[in-house]
Amino acid sequence: MEHTIAAISTATGEAGIGIVRMSGLTSFEIGKKIFKPIKEIDDKNLENRTLRYGHIYDDDKLIDEVLIAFMKGPNTYTREDIVEIYTHGGIISVKKVLDLTLKNGAKIAEKGEFTKRAFLNGRLDLSQAEAVIDMIKAKTDKAYEASINQLEGSLKKDIKKYRDGLLNLLAHVEYSINFTEDGQEELDNSVIIKEGEEILEGLKKLYNSSNRGKIIRDGINTTIIGKPNVGKSSLLNNLAKVNKAIVTDIPGTTRDIIEEYIDIDGVALKISDTAGIRDTDDIVEKIGVDRSLDFAQSADLIIAIFDLSKELDEEDKIVLDLLKGRKAIVLLNKDDLESKLDIDSLNIDENIPVIRISIKNNKGIDKLEETISKMFLQGEIISSNETLVTNIRHQDILGRAINHLESSLNDMKLNIPIDCVEVDLRDSWEILGEITGETIEDDVLDKIFKDFCIGK
Ligand SMILES: Nc1nc2c(ncn2[C@@H]2O[C@H](COP(=O)(O)OP(=O)(O)OP(=O)(O)O)[C@@H](O)[C@H]2O)c(=O)[nH]1
Ligand SMILES: [Mg+2]
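Here the residue index of a chain counts from 1 through its sequence in written order. Chain letters start at A and ligand numbers start at 1, both assigned in the order the entries are written. With pLDDT at 70 or above as the cut-off, local features in this predicted model cover only qualifying residues; side-chain atom pairs require 80 or more to be listed or tallied, and sums for whole chains, interfaces and linings still use all residues. Only heavy atoms go into the side-chain values, all of them from the structure, while hydrogens and water stay out.

## Considerations on the packing of aromatic side chains
Step number 1: Each Phe, Tyr or Trp ring (for Trp, its six-membered ring) is paired with any other whose centre lies within 6.5 Å, and the angle between the two planes then decides the class: stacked below 30 degrees, edge-to-face above 60, tilted in between. Here the structure, examined in full by the defined rule, presents two aromatic pairs.
Step number 2: With a centroid separation of 5.2 Å and 40 degrees between ring planes, the pair formed by Phe449 and Phe452 is classed as tilted.
Step number 3: Each residue's exposure class comes from its accessible area (1.4 Å probe, protein chains only) as a fraction of the maximum for that residue type: buried when under 20%, exposed when over 50%, partly exposed otherwise. Residue Phe449 is classed as buried on the basis of its relative accessible area, which comes to 2%.
Step number 4: A ring is scored as having a charge over it whenever the NZ atom of a lysine or the CZ atom of an arginine sits within 6 Å of its centre and within 35 degrees of its normal. Above the face of the Trp429 ring, Arg163 is positioned so that its terminal group lies 4.2 Å from the ring centre.

## Quick word on the coordination of the magnesium ion (ligand 2)
Step number 1: Note on the magnesium ion (ligand 2): its protein donors are Ser233 (OG) and Thr254 (OG1). The metal-donor distances range over 2.0 Å. Here Ser233 is found in helix α9 (residues 232–240), whereas its partner Thr254 is found in the loop between α9 and β9 (258–264), with 21 residues between them in sequence. When sorted by exposure, Ser233 lands in the same class as Thr254, which is buried. A donor here means any N, O or S atom no more than 2.8 Å from the metal (3.2 Å for Na, K and Ca); water is not included, so a site may seem to lack partners. The numbering of helices and of strands both runs from the N terminus, where a helix is a DSSP run of H or I of at least 4 residues and a strand a run of E of at least 2.

## Some thoughts on helix α11 (residues 314–322)
Step number 1: For α11, the full list of buried residues reads Asp316, Val319, Leu320 and Leu322. The buried residues of α11 occupy an angular sector of 155 degrees when the element is viewed end-on, so they sit on one face.
Step number 2: Two N or O atoms form a polar contact when they lie within 3.5 Å of each other; inside protein one atom must be a possible hydrogen donor and the other a possible acceptor, and for residues adjacent in sequence the pair counts only when both atoms belong to side chains. Taking the backbone nitrogen of Glu315 as reference, a side-chain oxygen 3.1 Å away marks Asp313 as the first, capping residue of α11. As used here, the arc belongs to the directions running from the helix axis to the C-beta atoms.

## What about the pattern of salt bridges?
Step number 1: Salt bridge, as applied in this entry: a Lys or Arg side-chain nitrogen positioned within 4 Å of an Asp or Glu carboxyl oxygen. As enumerated under the stated definition, the model contains 31 salt bridges in all.
Step number 2: Here Asp134 and Arg217 are joined by a salt bridge, their closest N and O atoms 2.8 Å apart. Of this pair, Asp134 sits in helix α5 (residues 126–137) while Arg217 sits in helix α8 (residues 190–218); the two residues are 83 residues apart in sequence, bridging distant segments of the chain.
Step number 3: The closest approach of N and O atoms between Asp256 and Arg291, which form a salt bridge, is 3.0 Å. One end of the pair, Asp256, is in the loop between α9 and β9; the other, Arg291, is in helix α10 (residues 283–298), with 35 residues separating them in the sequence.
Step number 4: Beyond isolated ion pairs, a larger network of salt bridges with shared partners links Glu80, Glu113 and Arg117.

## A word on the nonpolar core
Step number 1: Leu235, Ile303, Leu331, Leu368 and Ile372 are the most contacted members of the largest nonpolar core, which has 28 residues in total.
Step number 2: Of all elements in the fold, only β8 (220–225), α9, β9, β10 (267–273), β11 (301–307), β12 (328–333) and α12 (365–377) reach the threshold of two or more residues within this core.
Step number 3: The element best represented in this core is α12, accounting for six residues.
Step number 4: What Leu368 contacts, discounting residues up to four positions off in sequence, is Leu235, Leu239, Ile303, Ile329, Leu331 and Ile355. The term nonpolar core refers to a set of buried residues drawn from Ala, Val, Leu, Ile, Met, Phe, Trp, Tyr and Cys, joined through side-chain atoms within 4.5 Å. Whether two residues are in contact is decided by their heavy atoms, any of which lying within 4.5 Å being enough.

## Considering α5
Step number 1: A helix is expected to span 1.5 Å for every residue after the first. A rise of 1.5 Å per residue sets the reference length of α5, with its twelve residues, at 16 Å; its end C-alpha atoms lie 17 Å apart and thus fit the reference within 8%.
Step number 2: Three or more residues of α5 are buried, namely Leu126, Ser127, Gln128, Ala129, Glu130, Ala131, Val132, Ile133 and Asp134.

See below:
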């Protein structure tokens, strides 16, 4: 049995309560040692999952007044004995109680270690464990919905169905190998091919859902670019509905990247305002401009702003160059002023939507939001019972499983020796098991749980 782990499970900061959690063989022992109940209770009583009121003591020294719950495994989150201590919130008390558990033999939990134990002890499959972190990180209703479906086992169920199907195919194939070896019967593989194609179609549907799924889970990484003074910071403030970025009529106002999350039709837009792009001798501004260029490189979406009240210049041309081959939206701002910009001279790729706006008059912003929603969700409505693949790891696994299944089906159609067919089928079955964690390497597991927060 593994050692007992302990961590603070609530976020740090001022709050009503904080929770210290322990899991493992000695958690009850440690809990009983540091907790003194107000009313004497026998051990049986202590373990019956009711909350107990009392105090935490470090020998004779009072640490906090708490509630405590002893939860006997295996009907717990980790399947191990768990103790939760509800201390006063803030940073000091929870920390002192945590330290006391460590002093008494618990080890500090690694990121995601509680959930990792839940997975290793069979309480959750890997896709469900991953859904836990997705739920904690969800920033929109849609992201939350996708994660709760996955936590409830929607993906796990689908994967099990397809793996069972593949296993069934394998059995058919092996059966026919035995027959042909005996020289009794040639393989009639049309039935197998048909079944295989049905599985392939299902896997492809899952795979295709991941483009939308990834956006729902991670949001759209968006960067606003443009030369100085076109209204980038004004746009960020308008979309975020807070005055987060400084706006002045002095070109070169923004130097650092300023980030905000906005919810557009249930999709999180992580939007970054950047320093206006121009050639400059100012060292600080130059660093800002370099950052703008970096952010533009890695963005899922670029929003490029041009000033309608000014003629096109060299700085605009740098911005235009950054749009080549990228997913972008062009905004022509300051529509309220007299127009001096020759729009044709911008020569914008026809795939890039162009919208006239006036941030000052709040004109055209709704059109921008509509365009973003259309670009990324194609107006699709996600039904709540559809399994959505939201995780790039899952997408990659599905892609590999599809390749192997496809090649085995092609081989069958060409009547290629059946043992080649078998190898690909088996690979496909095995690869799919990486989603649920049935076939997975330890280092991959470690990587997955590194993404978690402490105490979960
Ligand atoms: N007339 C008019 N002025 C606007 C509009 N949008 C922004 N402005 C003004 O343009 C000036 C520059 O706005 P910012 O949002 O600071 O521009 P920026 O692109 O962030 O500028 P830098 O940070 O210097 O790169 C401010 O004085 C804004 O009030 C608009 O739609 N119409
Ligand atoms: Mg700015």
